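This is what each chain is made of:
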Amino acid sequence: MAKTEIGLSVNGLRTGFSSIGKLCLVFVLAQLAFAGEVLAHAVAEGDKGYIQEITGVHLFSFLYLGAKHMVTGYDHILFLLGVIFFLYRMKDIGIYVSLFALGHSTTMLLGVIFNFGINSYIIDAIIGLSIVYKALDNMGAYQRWFGFQPNTKAATLIFGFCHGFGLASKIIDYEISPDGLIPNLLAFNVGVEIGQLLALGAILILMGFWRRTSSFLKNAYTANVVMMAAGFILVGYQLAGLVVSA
């Protein structure tokens, strides 16, 4: 194959991958726009019935449910995307993702164990705001508006707490049997972290291809605007659900 043809093929691949990030965000927006329910942390009806009916220790079942929740949780994935958007070193990515996991795990476990939940609509609206916050941070808004940069690590940990409370509130609503509660919760949490690693791996692969193209820096601002819009849609849905439920 001639060098020119090879160059054209490579450029074609790069052009395709350069659009992946934006297309993923647009797809998420489309899902939100046509979603039938307003609960970001809702569990599938089949899983809900299973959780409510079983008793005793079921480690593998809860491990699967935890991983499934994270992989299909668009709010978690959007926040993770925002967190790692401008992180290039694996060390930095590991630190931020660990902070998010620590916050998420702590409030989920403690919230269920001590039966402390927050209204699902309110906490999910806060989670939507966490996406908005991170998108604005990536856009450099706080430095322009206020002249300083908030502590991004502290913000990641704090919003991790919020994400954990979102899931804890939903689990409490389902009234899981106290028989085997602690082992099942720990298994669920391990599943959540496995799901987070799977989602993170997919995000890093796509972002890695996109970052190798010239379009990344050109479209980074636009991508974060779309992500911010997705966060606002989540907030609007949750607040609408709160009003309707009242």
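Predicted model only: the values in this text are computed from it and were never measured.

Draft legend 1. Looking closely at the overall build of the protein. Each helix and strand counted, the protein has 11 helices and 0 strands in total. Going from N to C terminus, the protein has its helices and strands arranged as α-α-α-α-α-α-α-α-α-α-α. For the protein, the share of sequence-separated contacts (at least 6 apart) that also reach a separation of at least 24 residues comes to 87%. Surface accessibility of the protein: about 12300 Å² in total, with carbon and sulfur atoms responsible for 69%.

Draft legend 2. Representation of the pattern of salt bridges within the structure. Applying the stated criterion across every chain, the model contains 2 salt bridges. Across the pair Asp 137 and Lys 134 runs a salt bridge, and its minimum N-O distance is 2.9 Å. Highlighted residues: Asp 137 and Lys 134, both in helix α7 (residues 120-138), separated by 3 residues, approximately one helical turn.

Draft legend 3. Quick peek at the packing of helix α10 (residues 181-211) against helix α11 (residues 215-245). Look at α10 against α11: their axes get within 9 Å of each other, and the N-to-C directions meet at 125°. When the axis of α10 is compared with that of α11, the two are oblique. Where α10 abuts α11, its residues Met 207, Trp 210 and Arg 211 lie against Ser 215, Phe 216, Asn 219 and Ala 223. Classifying every residue of the contact of α10 with α11 by side-chain character gives 4 nonpolar, 2 polar and 1 charged.

Draft legend 4. Examining a nonpolar patch on the surface more closely. Where nonpolar side chains cluster on the molecular surface, the patch consists of Leu 110, Ile 113, Phe 114, Phe 116, Ile 182 and Leu 186 and spans about 600 Å² of accessible area. Every element with two or more residues in the nonpolar patch is listed here: α6 (90-113) and α10. Along the chain, Phe 116 turns up in the loop between α6 and α7.

Draft legend 5. Summary view of the packing of aromatic side chains. All chains considered together, the criterion is met by 13 aromatic pairs. A centroid spacing of 6.2 Å and a plane angle of 90° characterise the contact between Trp 145 and Phe 146, whose relative ring orientation is edge-to-face. We classify Trp 145 as exposed; its relative accessible area is 53%. Ring centres of Trp 210 and Phe 216 lie 5.1 Å apart, and the angle between their planes is 90°; on these two criteria the pair is classed as edge-to-face. Judged on exposure class, the residue Trp 210 and its partner Phe 216 are both buried. One aromatic cluster is present, formed by Phe 79, Phe 100, Tyr 133, Tyr 142, Trp 145, Phe 146, Phe 148 and Phe 159 through successive ring pairs. The ring of Phe 209 has Arg 212 lying over it, and the distance from NZ or CZ to the ring centre is 5.9 Å.

Draft legend 6. Quick look at the nonpolar core. Membership of the largest hydrophobic core comes to 36 residues, with the highest contact counts inside it found for Ile 84, Phe 85, Leu 136 and Met 207. Counting residues per element, the ones that place at least two in this core are α5 (74-84), α6, α7, α8 (141-146), α9 (152-173), α10 and α11. Counting 19 residues, the second largest nonpolar core, distinct from the first, contains Ile 172, Tyr 174, Ile 176 and Val 192.

The rules behind each value
- Residues numbered from 1 in each chain as written.
- Predicted model: local features only at pLDDT ≥ 70, side-chain atom pairs only at ≥ 80, totals over all residues.
- Heavy atoms only, no water.
- Helix = DSSP H or I, 4+ residues; strand = E, 2+ residues; numbered from the N terminus.
- Contact = heavy atoms within 4.5 Å.
- Areas by Shrake-Rupley, 256 points an atom, 1.4 Å probe, with all protein chains shown as cover.
- Salt bridge = Lys/Arg side-chain N within 4 Å of Asp/Glu carboxyl O.
- Axes fitted to C-alpha atoms, helices over the stretch in contact; angles between N-to-C directions.
- Parallel < 35°, antiparallel > 145°, perpendicular 65-115°, else oblique.
- Nonpolar A, V, L, I, M, F, W, Y, C, P; charged D, E, K, R; others polar.
- Patch = residues over 30% accessible without salt bridge, like charges linked within 9 Å, V, L, I, M, F, W, Y side chains within 5 Å.
- Phe/Tyr/Trp six-rings, centres within 6.5 Å; stacked < 30°, edge-to-face > 60°.
- Buried < 20%, exposed > 50% of the residue type's maximum accessible area, 1.4 Å probe, protein only.
- Lys NZ or Arg CZ within 6 Å of the ring centre and 35° of its normal.
- Core = buried A, V, L, I, M, F, W, Y, C linked by side-chain atoms within 4.5 Å.

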